[in-house]
Amino acid sequence: MDVLLATYNGSKYLHAQLDSLLVQTHHNFRVLVSDDGSSDATLEILENYRARFEGRLVVVPNPHCGQGVVRNFENLMVASLQDGQAGWVAFSDQDDVWLPQKIERCLNEMVRMEEEGGEGLPCLVHSDLTVVDESLNVISDSFARYQRMDPRQCSPLSLLSVNQVTGCTMMVNRTLLQMALPLPRETIMHDWWCGLVSGSGRRRFVSAPLILYRQHGANQVGAKDRSLKTRLLRLLTNGAGIVGRVRVLGGATYLQAQALQLRLRAVGLDGGYVSEYLAWRGRPFWVRMVGYRQYYVGPELDRISRCLLWFK
């Protein structure tokens, strides 16, 4: 299997993540790295670790350098697929710490899914995380609870609106890679797109936290306090900005769902639930209010704000 590690100016925390990969209980994997144009010591650190990985760390040339995290991960996905060695890939951020059994636990679930009839289907495994600060002090022992989400209950339908697949915990099989690539320009995040593609196959959530999810103020996507008190305070201090971001996200999710519909048609799979979702998004507000809970998951304030602010 391959671990896909996307880097960009990650020298501050990269040592800890590479060290955590070296002590995994499952050892049969390569680390493919794609760098997005780092100007710090990231590439030097990678070179220094090359010998410790005994040939299992490979820096992949990045023809999309400077285009951001989505294209950086896409470069890794393409490299792994074209290389043809790995049956599964796991996605890694540069600033986290993987617990020793992370790969083993996810791989066991993946193999079990495929043995249960998932072979040949797009399969995805993801897990909970422990939220920590930049010094690895625990903020919350469960990212899912901290975000007031329940990934076990999310469906292919609700994933169209709310991503509950955290990319740095994600492992996918080769079939999913083939279906996911190339990432459409409407892709919001690579992990969300992979989660959507898994809706045509199988997805499994491991409730145990397998990663220390480091929060340091410069995360591309991070964990935020989603308590009612904190969220109301944000609305009072930056209401216009929050409303604007929600509306932009609403438009982006609609376009991403359209892209999924086209991809499913292209590979000959049923996208009926996507068509249902797109049609529902175009209905009047009073119609959407009746059944919004099956489409929008998470805290009730989030659900209602989407219903109010997301249009076709």
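The text that follows walks through the structure, step by step, so that each part is easy to find.

About the thresholds
- Residues numbered from 1 in each chain as written.
- Predicted model: local features only at pLDDT ≥ 70, side-chain atom pairs only at ≥ 80, totals over all residues.
- Heavy atoms only, no water.
- Helix = DSSP H or I, 4+ residues; strand = E, 2+ residues; numbered from the N terminus.
- Rg over C-alpha atoms; globule rule 2.2 N^0.38 Å.
- Buried < 20%, exposed > 50% of the residue type's maximum accessible area, 1.4 Å probe, protein only.
- Contact = heavy atoms within 4.5 Å.
- Areas by Shrake-Rupley, 256 points an atom, 1.4 Å probe, with all protein chains shown as cover.
- Arc of directions from axis to C-beta.
- Axes fitted to C-alpha atoms, helices over the stretch in contact; angles between N-to-C directions.
- Parallel < 35°, antiparallel > 145°, perpendicular 65-115°, else oblique.
- Left-handed = near helix turned anticlockwise from the far one by under 90°.
- Pairing = 2+ DSSP bridges.
- Salt bridge = Lys/Arg side-chain N within 4 Å of Asp/Glu carboxyl O.
- Core = buried A, V, L, I, M, F, W, Y, C linked by side-chain atoms within 4.5 Å.
- Patch = residues over 30% accessible without salt bridge, like charges linked within 9 Å, V, L, I, M, F, W, Y side chains within 5 Å.

1. Here's the deal with the overall build of the chain
Across its full length, the chain carries 12 helices and nine strands. In summary, the chain has a C-alpha radius of gyration of 19 Å against a globular reference of 20 Å for 312 residues, a match within 12%. Overall, the C-alpha framework of the chain stretches about 60 × 45 × 35 Å when taken along its three principal axes. For the chain, the proportion of its 312 residues judged to be buried stands at 51%. Partitioning the contacts of the chain with sequence separation of at least 6, the portion at a separation of at least 24 is 77%. Here the chain has roughly 14100 Å² of accessible surface; of this, 53% comes from carbon and sulfur atoms.

2. Let's talk about helix α2 (residues 42-49)
All of the buried residues in α2 are T42, I45, L46 and Y49. Along the axis of α2, the buried positions cluster into a sector of 100°, meaning they face one direction only. When the buried face of α2 is taken as reference, the exposed residues oriented beyond 90 degrees from it are E44 and N48. Looking at the buried positions of α2, the neighbouring elements they touch are β1 (2-7), α1 (11-22), β2 (30-35) and β3 (57-59).

3. Some details on the packing of α1 against α2
Two elements in contact, α1 and α2, have axes whose closest approach is 10 Å; the angle formed by their N-to-C orientations is 25°. Between α1 and α2, the angle is such that the two are roughly parallel. The hand of the α1/α2 crossing is right-handed. On α2, the residues touching S11, L14, H15, L18, D19 and L22 of α1 are T42, I45, L46 and Y49.

4. Describing the pairing of strand β9 (residues 202-214)
Here strand β5 (residues 97-98) runs beside β9; their pairing, made up of two bridges, is antiparallel. Each residue of the ladder has a partner; that of V97, found in β9, is L212. Judged from the nine bridges that link them, strand β6 (residues 123-132) and β9 form a sheet pairing that is parallel. Opposite V125, over in β9, you have R204 as the bridge partner.

5. Observations regarding the pattern of salt bridges
Evaluation of the coordinates by the stated rule reveals 14 salt bridges. Residue R30 pairs with D2 through a salt bridge whose shortest N-O separation is 2.9 Å. Taken together, the positions of R30 in strand β2 and D2 in strand β1 put the pair 28 residues apart, joining distant regions of the chain. Like D2, R30 is buried. Put simply, D141 and R145 hold a salt bridge, and the shortest N to O gap is 2.7 Å.

6. A short note on the nonpolar core
Core analysis: the biggest nonpolar cluster contains 49 residues, and M77, F91, L160, V172, W193, L260 and Y277 have the highest contact counts within it. Broken down by secondary-structure element, the contributors of at least two residues to this core are β1, α3 (69-83), β4 (88-92), α6 (156-159), α7 (174-180), α8 (190-197), α9 (228-266) and α10 (272-281). For this core, the leading source of residues is α9, giving seven residues. Those residues in contact with Y277 that sit more than four places away from it in its chain are L157, L160, S161, T253, A257, Y295 and W310.

7. Some details on α8
The periodicity of an α-helix, 3.6 residues per turn, causes residues three or four positions apart to be oriented the same way. Extensive coverage of α8 is indicated by the burial of eight of its eight residues. Looking only at α8, the buried set comprises H190, D191, W192, W193, C194, G195, L196 and V197.

8. Some words on the environment of Q17
Mapped onto the fold, Q17 is located in helix α1. Spatially, the C-alpha atom of Q17 lies 33 Å from that of V248, the residues being 231 residues apart in sequence. If sequence neighbours within four positions are ignored, Q17 has contacts with S92, D93, Q94, D96, V97 and W98.

9. A short note on a nonpolar patch on the surface
On the surface, a nonpolar cluster with roughly 420 Å² of combined accessible area is contributed by F285, W286, I304 and L308. Of all the secondary structure elements, the ones that give two or more residues to the nonpolar patch are α11 (285-291) and α12 (300-309). Within the element layout of this structure, F285 appears in helix α11. For F285, a relative accessible area of 37% gives the class partly exposed.

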